[in-house]
Amino acid sequence: MLFHMRFLYSALFLLILSASTVHGAEGECLDCHRANNEGIVKVWAESSHGNEGIDCQLCHGSDHEKLDKAEVFVDTKVCGQCHEDALDQHEKSRHVMGLHSGWGCTRNQPDRDQTDCSFCHIKGSSIPLSTVQCARFLEQTPEVGELGCNRCHQVERSCASCHTNHSTELAIVQEPDVCATCHMGPDHPQWEAWRTSKHGTLYSQGLGPSCQDCHFVQGHDVSAGIAYPSSGIVYPDEVVQKKRETMLEACQKCHSRTFAEDELVKADAIRAQSKAIVKEASEIIQDLYDRKLLDPMPEERPGHPLRGNQLVLDQQILYEDTSHIERLFFKMKKYDLAKTIVGVYHQNPDYMHWYGNAELKMGLTDIRAEAKRLKMFSKMTTKEQGAKPAEIEEELMVLKKRLERSELDKDAYERQKSELLRRYTEQ
Amino acid sequence: MLFHMRFLYSALFLLILSASTVHGAEGECLDCHRANNEGIVKVWAESSHGNEGIDCQLCHGSDHEKLDKAEVFVDTKVCGQCHEDALDQHEKSRHVMGLHSGWGCTRNQPDRDQTDCSFCHIKGSSIPLSTVQCARFLEQTPEVGELGCNRCHQVERSCASCHTNHSTELAIVQEPDVCATCHMGPDHPQWEAWRTSKHGTLYSQGLGPSCQDCHFVQGHDVSAGIAYPSSGIVYPDEVVQKKRETMLEACQKCHSRTFAEDELVKADAIRAQSKAIVKEASEIIQDLYDRKLLDPMPEERPGHPLRGNQLVLDQQILYEDTSHIERLFFKMKKYDLAKTIVGVYHQNPDYMHWYGNAELKMGLTDIRAEAKRLKMFSKMTTKEQGAKPAEIEEELMVLKKRLERSELDKDAYERQKSELLRRYTEQ
Amino acid sequence: MLFHMRFLYSALFLLILSASTVHGAEGECLDCHRANNEGIVKVWAESSHGNEGIDCQLCHGSDHEKLDKAEVFVDTKVCGQCHEDALDQHEKSRHVMGLHSGWGCTRNQPDRDQTDCSFCHIKGSSIPLSTVQCARFLEQTPEVGELGCNRCHQVERSCASCHTNHSTELAIVQEPDVCATCHMGPDHPQWEAWRTSKHGTLYSQGLGPSCQDCHFVQGHDVSAGIAYPSSGIVYPDEVVQKKRETMLEACQKCHSRTFAEDELVKADAIRAQSKAIVKEASEIIQDLYDRKLLDPMPEERPGHPLRGNQLVLDQQILYEDTSHIERLFFKMKKYDLAKTIVGVYHQNPDYMHWYGNAELKMGLTDIRAEAKRLKMFSKMTTKEQGAKPAEIEEELMVLKKRLERSELDKDAYERQKSELLRRYTEQ
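Bear in mind the structure is a predicted one, so any value in this text is a computation, not a measurement.

Scoring rules and cut-offs
Residues numbered from 1 in each chain as written. Chains lettered and ligands numbered in written order. Predicted model: local features only at pLDDT ≥ 70, side-chain atom pairs only at ≥ 80, totals over all residues. Heavy atoms only, no water. Helix = DSSP H or I, 4+ residues; strand = E, 2+ residues; numbered from the N terminus. Contact = heavy atoms within 4.5 Å. Lys, Arg positive; Asp, Glu negative; His and termini not counted. Charge placed at Lys NZ, Arg CZ, Asp CG, Glu CD. Patch = residues over 30% accessible without salt bridge, like charges linked within 9 Å, V, L, I, M, F, W, Y side chains within 5 Å. Areas by Shrake-Rupley, 256 points an atom, 1.4 Å probe, with all protein chains shown as cover. Salt bridge = Lys/Arg side-chain N within 4 Å of Asp/Glu carboxyl O. Buried < 20%, exposed > 50% of the residue type's maximum accessible area, 1.4 Å probe, protein only. Least-squares fit on C-alpha atoms with pLDDT ≥ 70 in both. Phe/Tyr/Trp six-rings, centres within 6.5 Å; stacked < 30°, edge-to-face > 60°. Lys NZ or Arg CZ within 6 Å of the ring centre and 35° of its normal. Axes fitted to C-alpha atoms, helices over the stretch in contact; angles between N-to-C directions. Parallel < 35°, antiparallel > 145°, perpendicular 65-115°, else oblique. Left-handed = near helix turned anticlockwise from the far one by under 90°. Nonpolar A, V, L, I, M, F, W, Y, C, P; charged D, E, K, R; others polar. Buried area = accessible area lost by both parts, 1.4 Å probe. Polar contact = N/O pair within 3.5 Å; in protein donor to acceptor, adjacent residues only side chain to side chain.

### Structural notes on the overall build of chain A
Here comes step 1: Each helix and strand in chain A was counted, giving 23 helices and zero strands.
Here comes step 2: Dimensions of chain A, computed from C-alpha atoms along their principal axes, come out at roughly 95 × 55 × 45 Å.
Here comes step 3: The contacts of chain A with a sequence gap of at least 6 include a subset with a gap of at least 24, amounting to 63%.
Here comes step 4: Within chain A, one finds 51 positive and 66 negative side-chain charges whose respective centroids are separated by 8 Å.

### Points about a negative patch on the surface
All names here are of chain A.
Here comes step 1: There is a patch of like negative charges on the surface, built from Asp-63, Glu-65, Asp-68 and Glu-71.
Here comes step 2: Relative to the assigned elements, Asp-68 resides in helix α6 (residues 64-68).
Here comes step 3: A residue is classified by how much of its surface remains accessible, and Asp-68, at 45% relative accessible area, is partly exposed.

### As for the relation of the copies chain C and chain A
Here comes step 1: Of the two same-sequence chains, chain C is brought onto chain A (RMSD 0.1 Å, axial shift 0.0 Å) by a rotation of 120°. Put plainly, the chains are arranged around a three-fold axis. No C-alpha of chain C approaches the rotation axis more nearly than that of Met-380 of chain C, which lies at 4.9 Å.
Here comes step 2: When the interface residues of chain C are mapped onto chain A, a mere 5% of them again fall at the interface, so the copies present different faces.

### Here's the deal with unusual backbone geometry
Residues and elements named next belong to chain B.
Here comes step 1: The peptide bond linking Asp-295 to Pro-296 adopts the cis configuration, its omega dihedral lying at 5°.
Here comes step 2: Position of Pro-296 among the secondary structure elements: in the loop between α19 (257-290) and α20 (324-345).
Here comes step 3: Positive phi outside glycine occurs at His-166, with the angle close to 75°.
Here comes step 4: Residue position: His-166 is located in the loop between α12 (160-163) and α13 (170-173).
Here comes step 5: Assessed through its relative accessible area of 26%, His-166 is described here as partly exposed.

### Topic: the packing of aromatic side chains
Here comes step 1: Following the criterion strictly, the structure yields 24 aromatic pairs over all chains and no others.
Here comes step 2: Ring centres 5.7 Å apart and planes at 70° place the aromatic pair Phe-377 of chain B and Phe-377 of chain C in the edge-to-face group. In this pair, Phe-377 of chain B sits in helix α21 (residues 349-384) while Phe-377 of chain C sits in helix α21 (residues 349-384), so the two residues belong to two different chains. Residue Phe-377 of chain B shares its accessibility class with Phe-377 of chain C, and that shared class is buried.
Here comes step 3: In this arrangement the basic side chain of Arg-157 of chain B is found over the ring face of Phe-73 of chain B, its NZ or CZ atom lying 4.1 Å from the centre.
Here comes step 4: Over the ring of Tyr-228 of chain B we find Arg-271 of chain B; its NZ or CZ atom is 4.2 Å from the centre of that ring.

### Focus: the packing of helix α19 (residues 257-290) of chain A against helix α22 (residues 391-404) of chain A
All names here are of chain A.
Here comes step 1: Orientation of α19 relative to α22, taken along the N-to-C sense of each, is 130°, at an axis distance of 10 Å. Classed by the angle they form, the pair α19 and α22 counts as oblique. For the element pair α19 and α22, the recorded crossing hand is right-handed. Of the residues in α22, those touching α19 at Glu-283, Asp-287 and Asp-290 are Met-397, Val-398, Lys-401 and Arg-402.
Here comes step 2: Among the residues forming the contact of α19 with α22, the class breakdown is two nonpolar, no polar and five charged.

### A word on the interface of chain A and chain B
Here comes step 1: Across the contact, 55 residues belong to chain A and 46 residues belong to chain B.
Here comes step 2: Overall, the association of chain A and chain B removes approximately 4200 Å² of surface from exposure, summing both partners, and the carbon and sulfur fraction of that is 59%.
Here comes step 3: A salt bridge links Lys-361 of chain B to Glu-320 of chain A; the nearest nitrogen and oxygen atoms lie 2.9 Å apart.
Here comes step 4: At the surface where chain A touches chain B, the tally comes to 25 residue pairs in polar contact (both at pLDDT 80 or more).
Here comes step 5: Listed by contribution, the elements that provide at least two residues to the side of chain A that touches chain B are α3 (38-46), α11 (142-153), α13 (170-173), α14 (177-180), α15 (190-195), α20 (324-345) and α21 (349-384) of chain A.

### Details of the relation of the copies chain A and chain B
Here comes step 1: The transform that puts chain A on chain B rotates by 120° and translates by 0.0 Å along the axis, for an RMSD of 0.1 Å.
Here comes step 2: When you check the interface residues of chain A against chain B, a mere 5% turn up at the interface there too, and the two sides of the contact use different surfaces.

Function cannot be read off these values alone, since they describe shape.
Spelled out as structure tokens, the structure:
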């Protein structure tokens, strides 16, 4: 049925196509634009669209007033009228979550039931809810939001993100460079890590694999072989296994299965070890928060756009208006952990170790030092004010909160509580 | 008249050329240098200079003793004898300020009248005054000054900075790589931002614009379309408009005017927003200085080479021998702000946002935290010494200084003063 | 004799080769691997090995069970059976110290007699002792050690580190890209510094020198012209001179000897100036250690794997579990100093100055600030506890330790001691 509808649309589209070509609409646009924007017209004219008479209006429409105000956007639906399979593949990929991993991080909140579709979607629709939002996006000015966040995250609705405007040259999208603009930078240096890995350096000499060789094995489904997505969403075991298998098939073109499996198992271990370092840092900050030692405390600063005056250390963490120690943690979680993971799964020893794991460990040193400083300040200030903190009460409260956050189980809680009381009595 | 003089020089030059060729001077040099420096001779022999008999002595002269001591420099005047138009264009560009934006930052001092030519130049001459100097250059050892600063800033007087020695291959100077060595790094990553932007990644596939396509539209005047120069000099409105128009013409080769204008307007907004973050940080440091809380204070450390024991936060800011909070500010102003601006005007979302704007905001967090620490230390130390600061007097002094620096207007000053006195009386 | 032995081995090897070809061993492997690992087989088939019948078993052996468990490693000895000269050159190079500059930094310890071979080697053998170890390697998890450290440092025993597996294409190892994966990153950005230097940018246009042009002048002896190795080992003067001469010969292909010498002399000066900055920082930390002000002190944290609870600031410095000020020092010593030196000897003004020397100076500012903070905390805490430090005794102890470490000579020690006592008496 869906197929028939699509067929009908395509037929209609071709009808319009032939009609508009007959009416010479192409000429109307080209007369001016050849003079004013020679670059566009040249690229289009040399493209297969240009060669086959797919003229300006077929993609851009004919409302020149709206076009002039840049109010017309050629989105995936326009391209999908002819390129059905590509659109189908794209809609199965994580690229289609582009805007909603930018705008949409609420789907990653810890209290979310990952199997509950209605957390993100209107029932029966693939359209995300308007409540699916990213705190970091909400904190930006409109300009930074558009030229910073959405220039990449709009991949969801724009084929031109990768294919570029007007060119239909497939060679362009078969080059890793086309991925670079978005898949780079301190928060996800996939391009840099690949470029200087043995894979990337051999690629520059015609021998190694490109982004596309490993990640485009199922057409536009760019997330096919990625078992642990960077969003932090945890896939069910069978999905992990399926995705791992897809990746191993790509590795086996050039490596033995034993070698490839072994590399991925080691990479998984390094991922887990690195996450443990981040967890240790996060617990130090939680502890300071419980003791009201963050400076400023969340209630003393502008509210988080989604959580108000709570402490936020999960995927919705902000880098604006936090305390110094939280911004040290932001770097660890968002940059150094990402570099370690991106580095190790792209077989880049320098990104994994020096840019990633070593920075994580140094970050932990800095966070421990700042935590000590904050505690010392508090002690000094408290003493000056003549107040004596009811230390045992504070320690019990901290312990209680750790139980509530499931950092301690019931047994560990009881054990540590007894120990505290015992020490207090002996004093 | 100038034209005639030049013509005369050129004629004389050609006369010398033919004479030296006749006398076989070429052979004299080549006999040894072919054996000792095969690379140079090969590149020269394959160049159009080599093909047309422009031999060694015509550019290098014939004083072998001086040549041997590396005392002969082939500067722009030597090249300009034949390449008059190129030299004319070069002398209109900001490249000709090379040495004097390195050595010459005094021209950017806040007390300077930008329309007063005599601040930088001997009257009637394009030669800069010897008082035009850069504090950061003055702080370097001679070796760092030469291999660090001047290896790039000598572009003013050296065509070889871009064209390289001996090759006359135009393809070389038509490649962005020729710009990379100088237009890179934490303080102005133009090359990196372009390279990983959509423009740069398409260029690597034969489709996108190079540095030259947008910035060489008026020959060697490389600053033609740059409305807001990185020096911080503010052009008059009509110059800004003219330069913007030049850039828009370059954009329009491939983009609609509406789109290009809109992008630049957003970029201008991000530039202003980012400068406001830097200003907030600068005011925090000024305030600490007013309260004598910088550690060390300017009078306790080696003097600034141009301002002595003043606090310097403008373009002449140093990174040596400052307090910790000033060096945090240096990174914001010189690196993060530059990355934001270079990133946004080169359409690179990652440089603008993650490497630039996000770092600025995190830098502000660090500066706020350090300011709080310094104030807390001061309070503790003061209390220990038994002294009680005359707090109201200090606050009034700080307010007065903000008025003097025009951070507050008269009205705001009076309002805040009354408020202070009222609060004090109520205590 | 050695030659005869080698000849014998080669003859035997060729015998095995012809025998195995006759027995169709090639076919046995290829039947499966052509289907399962088409990439490997294709590269091999197109290589000169493939063309000349050097089949799988000759390098990998025929124990399929071990092969399947990835227990067979094709090391330099396997390749050296045929490629004798290359192996000879490799064994003279610093590449052959790969594992033992990773695992083997004990050889750089300050108490080592550099002329005593037995510090590193079993007498009469080139095999390093098992006690030759690197503290940073020992601190890693097995996975980080393997995918991080050894993926590069195994160059000692693996020709494939550069030549890659299966390809015999010489063009690959003549490209700087082949060096990039290991010679990159914050601790030794040789590839990045070269890539954006004038040499590297001209290379991309077919004109400038590659890594190989300057460093492969004596075959595989990649360290031929490097007078000051990054390990910190100090060569005897005559070795320095010989290595410098080798480098100057490479420079002279394109530059005059005077120019090249002058550049290297300036580079040496910048290296010495930069090491002096690091030394100043190191003395600040030593002083804090003497006063027991590091936080935490070495005895309060997990022991150093080679030195236990000592302070370690030399080549064996760790970045794990240190105090904040030591980790600031780690960045200076391991990253910023390296960037300065790698930058200046690769003629890259931005790496030398902005990424290197400027960061060193800013690092020193941060270290001075943290030292002041630690002293202030100590003073405050001491006062609170009612104790009065015997200041004169502490100062005399610190002075004594500086004498013991040869930071002061006898005269300076006595002078400063008298001065201290005089000031104390006058109080």
